[in-house]
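# Fold and contact review
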Amino acid sequence: MLEFLPKEVREGLDAARKRDLKKKSRLRVRVDDEVFPVLKFWDTGFSLDAERAPHLRGLVDLYDGTRHLYQCLIIASEEEVGQMRYEFKRKAEAHDQAPLDFVREEFAPVGLIAKGA
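The structure displayed is predicted, hence computed values, not measured ones.

Inspection of the secondary structure assignment puts C72 in strand 5 (residues 67-80). For C72 and E87, which are 15 residues apart along the polypeptide, the C-alpha to C-alpha distance reads 9.5 Å. Discounting chain neighbours no more than four positions away, the residues touching C72 are G58, L59, V60, L62, F88, R90 and K91.

Have a look at this one:
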């Protein structure tokens, strides 16, 4: 149905759709010092604006606002309707602390109270 509209109107609708997707999503991909807003996200990948994002490949970090969600190994998949799709080769959750190499007891003491205090 959009093919009946003039080219300028179609381009304006596409630009408005991208702008709306950017406003809705808080997700960002960080590569080195560059940050790209994620337009869509699904279990096996995500999409970025094709005009702004290069053909990324390799290790990237995925953020929700300032919270680090995943460290991902990605490849560029395909471009469709102004969006570049990327697929995960590996997606690992980011942790804010190092994993423990021992079992932490549920009711373990959290501190030591010295005598005479």
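Picking up after the structure, the text goes on.
Moving on: the pairing of strand 5. Sheet faces and side chains relate simply in a regular strand, where the side chains alternate between the two faces. Bridge count between strand 4 (residues 58-64) and strand 5: seven bridges; the pairing is antiparallel. The residue bridging G58 from the neighbouring strand is I74, located in strand 5. Two successive antiparallel strands, strand 4 and strand 5, enclose a turn made up of two residues, where G65 displays a positive phi of approximately 70°. For strand 5 and strand 6 (residues 83-93), the ladder comprises ten bridges, and the chain directions are antiparallel. Paired with E80 across the strands is Q83, a residue of strand 6. Taking the residues between adjacent antiparallel strands as the criterion, strand 5 and strand 6 are bridged by two residues, where V81 takes a positive phi near 50°.

Rules of the game
Residues numbered from 1 in each chain as written. Predicted model: local features only at pLDDT ≥ 70, side-chain atom pairs only at ≥ 80, totals over all residues. Heavy atoms only, no water. Helix = DSSP H or I, 4+ residues; strand = E, 2+ residues; numbered from the N terminus. Contact = heavy atoms within 4.5 Å. Pairing = 2+ DSSP bridges.

Everything listed here is a matter of geometry and, on its own, says nothing about what the molecule does.
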